[in-house]
Amino acid sequence: MLKEWVKDERPSDEVLAERLEKARAELATRQMMVKEKGLPVLVVFDGWGAAGKGSVLGRVIKGMDPRFFKCETLTEPTSEELRRPFLYRYFVRIPKEGKFSFFDGSWMGEVTSQFLHGEISSKKYKEHLTSIKRFERTLNDNGYLVVKFFFHIDEKIQKKRLKELEENKHTKWRVSDKDKWQNKHYDKCLDVFDEYIEATNQFVAPWYFIDSSAKKWAELQVTEILIASIDTALANAEHRQAPLLQNTFPLRETLKLSEIPLDKTLTDDEYRGELDALQKRLGELHNELYHKKIPVIIAYEGWDAAGKGGNIKRIAAALDPRGYEVHPIASPEPAEKARHYLWRFWNRLPKDGHIAIFDRTWYGRVMVERLEGFCSENDWQRAYNEINEFEKELADWNAVVIKFWVQIDKDTQLARFTDRQNTPEKQWKITDEDWRNREKWDLYEEAVDEMLAKTNTKYAPWYVLESNDKKYARIKALKTVIKAIEKKLAE
């Protein structure tokens, strides 16, 4: 693609100046339209070293309102970012509704550089390409405009610019060893860039090539393409409906909730006898996880009053407090509602070697948001695949992903609700919303059955905790976590 690209003829200086003045004014107008319509816009600047990405970015944003955009310089991942999943540092930086994020550097630069320098294998490189395509697609499906620019210059111009930058004491720092290596191996880099662009040039996030031989000409190309892209996105926003993709991930067999027997119990002596030994073993495994830098994500969903809190407490009691965090998930805050629904969960992922426990999760999208009308039908139907992709990213990061559904029957829930309501020190646990949700038990059960069936993947399986007897559920949870961690450590 890049090799066959035919550049547009550069206009005369007079015409260029006229078009540029008009385009700058129109972009400022479009920015206010983006703000008014709540369109999040992610603009990627990537390309050759010394192609002028930074200077053109400075020109493009000069006439825009700085309250409604943010610029991110993304070069090498930091040591902290390297302890997170590959896409972490990009996902946490996506813009709010009505705002722009400009990325100077991107996932393209990261993975092509790693591949060219032999830092990742061909297999890992292809996995990253798949992740990138999913990332860009899910942003588009969830209402984002993604515009990607590749700044192109030929080998001679790059060499000249690098030399000029290096000879000036004020700009010498801008020339890295990788920039010089890139110019020395220009043809090899061109091949990789061309293949990358062809692999990731999607309808939902296309690549635009920018002739970077002159700054004003590059600015005009970027600005006019950005305006046209915004116009198209705003015109399509009213009737946007993303396609539903077929699941391609391996699923395990799943029982319906009504088919799960809930008569399993433990005596107090059996419970106490197993609890201490299991917690001791989990504590030992936590030390091994830390030394081998293996992350663990434990996700809890279940009925109100099913015993999630007590279950989590027994898991957490076994862990080193410096190496885990429990995330109680409530209704999203305004900053969270203004972004992709998975953004707040990406922000809470642990570092490698650490454990994150989620009390309620991203599955709210296909349960409460679905049943309470907080998202469209297209949104929640699409979410099954998006969640499977999210969890695949975690598994590819080498994380242990364990998902618990805490199951009780209606009579047990009623008894626990009544006990909470009639016991002063427990009344904070019961709300009017709990009673309203109970009235929709059958609808929730149907939604949960569908959720379990469509997201019970082999790399992120569901485990049902039969919790009519809380003691039994706690012991089963500890055993399940221990078994999953031991399996990972043995790999």
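Now for a quick tour of the structure. (Residues numbered from 1 in each chain as written. Predicted model: local features only at pLDDT ≥ 70, side-chain atom pairs only at ≥ 80, totals over all residues. Heavy atoms only, no water.)

**Quick look at the side chain of Lys403**
Following the sequence through the fold, Lys403 ends up in strand 9 (residues 400–407). Residue Lys403 is classed as buried on the basis of its relative accessible area, which comes to 0%. There is a polar contact of 2.7 Å between the side chain of Lys403 and the backbone oxygen of Ala460. Excluding residues that lie within four positions of it along the chain, Lys403 makes contacts with Ala299, Tyr363, Glu391, Thr455, Ala460, Pro461, Trp462 and Tyr463. (Helix = DSSP H or I, 4+ residues; strand = E, 2+ residues; numbered from the N terminus. Buried < 20%, exposed > 50% of the residue type's maximum accessible area, 1.4 Å probe, protein only. Polar contact = N/O pair within 3.5 Å; in protein donor to acceptor, adjacent residues only side chain to side chain. Contact = heavy atoms within 4.5 Å.)

**Details of the packing of helix 15 (residues 377–396) against helix 18 (residues 441–455)**
Contact geometry of helix 15 with helix 18 gives a least axis separation of 10 Å together with a crossing angle of 40°. It follows from the interaxial angle that helix 15 and helix 18 lie oblique. Both helix 15 and helix 18 take part in a crossing whose hand is right-handed. Contact with helix 15, carried on its side by Trp380, Tyr384, Asn388 and Glu391, involves Glu450, Met451, Lys454 and Thr455 of helix 18 and no other residues of that element. (Axes fitted to C-alpha atoms, helices over the stretch in contact; angles between N-to-C directions. Parallel < 35°, antiparallel > 145°, perpendicular 65-115°, else oblique. Left-handed = near helix turned anticlockwise from the far one by under 90°.)

**Examining the sheet that holds strand 8 (residues 355–359)**
Across a sheet, strands are paired by hydrogen bonds formed along the backbone, either parallel or antiparallel in direction. A sheet is described by the order of its strands in space; here five strands give the open sequence 7-8-6-9-10, paired in parallel fashion. Two strands close off the open sheet at either side, each with one partner strand: strand 7 (324–328) and strand 10 (462–466). Taken over all neighbouring pairs, the strand axes of this sheet differ in orientation by 20° on average, direction set aside. Bridge count between strand 6 (residues 296–302) and strand 9: seven bridges; the pairing is parallel. Within strand 9, the position partnered with Gly302 by the bridge is Val406. (Pairing = 2+ DSSP bridges.)

**Focus on helix 15**
In this model, helix 15 (20 residues) spans 29 Å end to end at C-alpha, consistent with the 28 Å of a helix rising 1.5 Å per residue. A bend of about 35° at Ala383 is the largest found in helix 15. Across the 20 residues that make up helix 15, a large majority, 16, are buried. Immediately downstream of helix 15, the backbone of Asn398 shows phi near 80°, a positive value. (Expected span 1.5 Å × (residues − 1). Bend = angle between axes of the 7 residues up to and from the residue.)

**So, empty space enclosed by the protein**
Evaluated as defined, the whole model comprises three cavities of 30 Å³ or more. Its volume calculated, the largest cavity comes out at about 120 Å³. Around the largest cavity sit 13 residues that line it, and Thr138, Glu386, Glu389, Phe390 and Glu393 are the ones nearest its centre. If you list the elements that add at least two residues to the lining of the largest cavity, you get helix 5 (122–141) and helix 15. Broken down by class, the residue content of the lining of the largest cavity amounts to six nonpolar, three polar and four charged. Estimated volume of the second largest cavity: approximately 40 Å³. Where the lining of the second largest cavity is concerned, the elements lending two or more residues are helix 1 (13–37) and helix 2 (53–61). Looking at the lining of the second largest cavity residue by residue, the classes come out as three nonpolar, one polar and three charged. (1 Å grid on protein atoms, 1.4 Å probe; cavity = no way out; pocket = protein on both sides within 12 Å on 5 of 7 lines; lining within 4 Å. Points joined across faces, edges and corners; volume = space filled by probe spheres on them. Nonpolar A, V, L, I, M, F, W, Y, C, P; charged D, E, K, R; others polar.)

**Concerning the nonpolar core**
Phe102, Trp107, Tyr196, Tyr300, Ile315, Trp362 and Met451 are the most contacted members of the largest nonpolar core, which has 147 residues in total. Sequence-distant contacts of Met451, that is, excluding residues within four places in its chain, are made with Tyr363, Val366, Met367, Tyr384, Trp405 and Trp462. (Core = buried A, V, L, I, M, F, W, Y, C linked by side-chain atoms within 4.5 Å.)

**Considering the packing of aromatic side chains**
On inspection of all chains with the given rule, the structure shows 33 aromatic pairs. Looking at Arg339, its charged tip hangs above the ring of Trp343, at a distance of 4.1 Å from the centre. (Phe/Tyr/Trp six-rings, centres within 6.5 Å; stacked < 30°, edge-to-face > 60°. Lys NZ or Arg CZ within 6 Å of the ring centre and 35° of its normal.)

**Details of the layout of surface pockets**
Taken as a whole, the second largest pocket holds about 1200 Å³ of empty space. If you trace the second largest pocket, you find 46 residues lining it, with Trp48, Gly49, Ala50, Lys53 and Asp179 closest to the centre. Among the secondary structure elements, those contributing two or more residues to the lining of the second largest pocket are strand 1 (41–47), helix 2, helix 4 (107–116), helix 6 (155–167), helix 7 (177–184), helix 8 (186–200) and helix 9 (215–237). With seven residues, the top contributor of residues to the lining of the second largest pocket is helix 4. Of the residues belonging to the lining of the second largest pocket, the class tally is 18 nonpolar, 17 polar and 11 charged.

**Here's the deal with the packing of helix 11 (residues 308–316) against helix 19 (residues 470–490)**
Where helix 11 contacts helix 19, the axes come no closer than 9 Å and their chain directions differ by 45°. One element, helix 11, and the other, helix 19, form an angle in the oblique class. Remark: the crossing between helix 11 and helix 19 carries right-handed chirality. Residues Gly310, Asn311, Arg314 and Ile315 of helix 11 touch helix 19, and the partners they reach there are Ala473, Arg474, Ala477, Leu478 and Val481.

**Observations regarding the sheet that holds strand 2 (residues 69–73)**
Taken in spatial order, the five strands of this open sheet run 2-3-1-4-5, and their pairing is parallel. Of all the strands in the sheet, just strand 2 and strand 5 (207–211) have a single pairing partner and so form its edges. Between one strand axis and the next, the sheet turns through 20° on average, direction left out of account. Bridge analysis of strand 4 (residues 145–152) against strand 5 gives five bridges, and the strand direction is parallel. Its bridge partner lying in strand 5, Lys148 is registered against Trp207.

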